[in-house]
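Listed below are the residues making up each chain.
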Amino acid sequence: MEYVNSRFGEMTGLSGEDYIGGDLFAWHPDASPPQNPEQTLAEAKETGSAQREFLLKRGDGSAFWCREMTSVIRDSDGEVTHYLSITEDITDRKQVEAQLIQTSKLATLGQMAAGMAHELNQPLYIIRMAADRCLMEMDEGTLERETEREHFEIVVEQCQRMADIIGHLRIFGRRDALEPSLMDPSACVRRAVEMVLEQYRLEDIEITAEIPEEAHVVMGHPIRLEQVLVNLLSNARNAILENAQEEADGPKGQIAVALADDKSTSQISVTVRDSGGGIPEDKLDSIFEPFFTTKEVGQGMGLGLSVSQSIVSEMAGELSASASGAGTCFTLTVLYHQQHR
Ligand SMILES: Nc1ncnc2c1ncn2[C@@H]1O[C@H](COP(=O)(O)OP(=O)(O)OP(=O)(O)O)[C@@H](O)[C@H]1O
Ligand SMILES: [Mg+2]
């Protein structure tokens, strides 16, 4: 490294002089996600410039997000002589983004409230039945020890079920950590499906899920990935309900969720396919724009897909939509974490 300016020292909390003469990039060994300097340089050489965003700890332990843009400087023979790196503190932007993600999630949670109330009502009903029966038999003097025990077991089991639902809701509603971590994507997809399962069943929407027990780990925010899935599921549900024929028999529509672990491309792909009537070809791109919605005022903000796409690109993955039979298929792909390739 030949030169750093004073602002660099202010930002990192370390003196620039420490780096002069050292390796370029040696100043961020603990970046999260971990950085691969060789890859950055190779990309900059090939395309002229490379860009990365990562979280970094200052000397005093505090963390900040930075964006690093690296470009190449060539001599008259076209040989690369220098790399020029500009590092920008983007913590404010990341915080605004996190706020938007959170706001959109709370709006989704609001829309799910009715279904959630039902989820909680069911175990309550079962508990009530068990207690009523015990009380009745107690009054009649016919309550056997065995029955008593069985019913208490039901009560405990159902209380646990309610605690699980509430616990999950609390975690889902919480803000995610700033820092991404390694996570199992199949667990996120499974939790998202479980969260809507009961509500959709009540609305006559069939939902099937093909999710392996475990998949390769990926780097990201687990609650945010779950949020993406819930957004896709809720869009599929809305499309099905809007498209449903009033008096038709049978289910109103189907949603199929699948997660595949593709070893040949080192990618995880998740697909959410619905039978909700589809999206006109010329709208397939605009649906990812912020505030694009076909819903009535007050029904949707048009943020679901744009927030989902920003969450997926933060994981260096891709989210796309395509026509599929009588509906739409959304595909999310993300590379395995490097250590596990
Ligand atoms: N599975 C789908 N089938 C048909 N149309 C869809 C589907 N998913 C999204 N769309 C279309 O894309 C638009 C944008 O979706 P997006 O999730 O971004 O916003 P929204 O659902 O309208 O509102 P919000 O998600 O903020 O509540 C929807 O209004 C709808 O027209
Ligand atoms: Mg939506």
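Residues numbered from 1 in each chain as written. Chains lettered and ligands numbered in written order. Predicted model: local features only at pLDDT ≥ 70, side-chain atom pairs only at ≥ 80, totals over all residues. Heavy atoms only, no water.

## Some points on the pairing of strand 8 (residues 267–274)
For step 1, the next point in the chain: As paired elements, strand 7 (residues 253–262) and strand 8 share eight bridges and run antiparallel to each other. Among the inter-strand pairings, Val257 is bridged to a residue of strand 8, identified as Val272.
For step 2, the next point in the chain: Counting the residues between successive antiparallel strands, the hairpin from strand 7 to strand 8 contains four residues, one of them, Ser266, with a positive phi of roughly 55°.
For step 3, the next point in the chain: Two elements, strand 8 and strand 10 (residues 327–335), share seven bridges in a ladder whose sense is antiparallel. Residue Arg273 lies in a different strand from strand 10, and its bridge partner there is Cys329. (Pairing = 2+ DSSP bridges. Helix = DSSP H or I, 4+ residues; strand = E, 2+ residues; numbered from the N terminus.)

## Comments concerning the nonpolar core
For step 1, the next point in the chain: By size, the foremost hydrophobic cluster in this structure holds 49 residues, and its most contacted members are Leu229, Leu233, Ile255, Ile268 and Leu332.
For step 2, the next point in the chain: The leading source of residues in this core is helix 7 (residues 222–243), at nine residues.
For step 3, the next point in the chain: When residues no more than four places from it in sequence are discounted, the contact partners of Ile268 are Pro185, Ala215, His216, Val218, Leu259, Ala260, Asp261, Leu332, Thr333, Val334 and Tyr336.
For step 4, the next point in the chain: Of all hydrophobic cores here, the second largest spans six residues; its members include Met11, Ala31, Phe54 and Leu56. (Core = buried A, V, L, I, M, F, W, Y, C linked by side-chain atoms within 4.5 Å. Buried < 20%, exposed > 50% of the residue type's maximum accessible area, 1.4 Å probe, protein only. Contact = heavy atoms within 4.5 Å.)

## Some words on the pattern of salt bridges
For step 1, the next point in the chain: As enumerated under the stated definition, the model contains 16 salt bridges in all.
For step 2, the next point in the chain: Taking the shortest distance from any N to any O, the salt bridge between Glu203 and Arg237 comes out at 2.7 Å. One end of the pair, Glu203, is in the loop between helix 6 (185–202) and strand 5 (205–210); the other, Arg237, is in helix 7, and 34 residues separate them in sequence.
For step 3, the next point in the chain: Three or more residues are tied together by salt bridges with common partners; here these are Glu53, Arg93, Lys94, Glu97, Arg224 and Glu314. (Salt bridge = Lys/Arg side-chain N within 4 Å of Asp/Glu carboxyl O.)

As far as function goes, none of this settles anything; it's purely spatial.
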